[in-house]
Amino acid sequence: MAPTNAIRRHIVSLVLFGIAFGYLEAAVVVYLRSLSEPIRAAAGLPTGDLFPLTKFSQLGAYQRIAKIELAREASTLIMLAAVALAVARRFHIWLAAFALAFGVWDLTFYASLNLLSGWPQSLFTWDLLFLLPVPWIGPILAPVIVAASLAIGGILGLIRAPARVGWIPWMLLMLGGGIILVSFTWDWRNIVDGGVPMGFPWAIFATGELIGVVGFACAFG
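What you are looking at is a predicted structure, and each value in this text was computed from that prediction instead of being measured.

A. Just the pairing of strand β1 (residues 126-130), in detail. With four bridges joining them, β1 and strand β2 (residues 136-139) adopt antiparallel strand pairing. In the sheet register, L128 faces β2, and the bridge partner there is I137. Between β1 and β2, which follow one another and run antiparallel, lie five residues.

Take a look at the structure:
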């Protein structure tokens, strides 16, 4: 089914927003890393690495900045959800729009960060993905796979939006997403305690990704 002019316009708008927002997010991270270097140095931690994390108790007068950062991360998700809401009339269309905006934003974020700072050095460089409600960590390749899946799924969902999505696809999508979340937060206690990443549970991640893809395919079955 060929997309209508309105759907094309929505897709282009979401892609442009995701690209612009991804670059903006990368620029903010460059600023934050510059600010964090003296904090990490004062705590006796390496300034060029993300891990081990600076503990909240080590921040001292900079604790306010950490709280602001948590609110900024929440605001990021709200902004992505809000722009998706502007082009959606039904929940599953909103979800497709959100997936597209989120996926393009995340892919652009990593590409822009590499362009601006030379980081990450490879797709297997470890990253701190989110801080809410606990730290999410993983090699860059994992969130890139998720972001690419979301972007592609979002475009297909907008172009071929089914009139109704049954409960089985929803259950599979939620289950897959939950399992992926588990893979990203698998080692959070070690990270919070000042440890470094020991390994990523790729089997768990791949299971969640596969279940999510199957759920998406079922929605169009």
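B. Representation of the pattern of salt bridges within the structure. Counted according to the given criterion, the structure contains two salt bridges. R72 is the partner of E25 in a salt bridge, and the nearest nitrogen-oxygen pair spans 2.9 Å. A residue pair is termed long-range when its members are at least 10 positions apart, and E25 in helix α1 (residues 5-42) and R72 in helix α2 (residues 63-85) qualify at 47 residues. We classify E25 as buried; its relative accessible area is 9%. The salt bridge partner of E69 is R72, with a shortest N-O separation of 2.7 Å. One end of the pair, E69, and the other, R72, are both in helix α2, three residues apart, so they sit about a helical turn from each other. One continuous salt-bridge network, built from bridges that share partners, spans E25, E69 and R72.

Cut-offs and rules
- Here the residue numbers are simple positions, counted from 1 along each chain's written sequence.
- Reporting of local features is limited, given that this is a predicted model, to residues whose pLDDT is at least 70; pairs of side-chain atoms are given and counted only at 80 or more, and all residues count toward the totals for whole chains, interfaces and linings.
- The basis for the side-chain values is all heavy atoms of the structure; hydrogens and waters are excluded.
- For two strands to be treated as a pair, DSSP must find no fewer than two bridges joining them.
- Only DSSP runs of H or I covering at least 4 residues are called helices, and only runs of E covering at least 2 are called strands; the numbering of each starts at the N terminus.
- One side-chain nitrogen of Lys or Arg within 4 Å of one carboxyl oxygen of Asp or Glu is enough to make a salt bridge.
- Accessibility here uses a 1.4 Å probe with only protein chains present; expressed as a share of the type maximum, an area under 20% marks a residue as buried, one over 50% as exposed, and anything in between as partly exposed.

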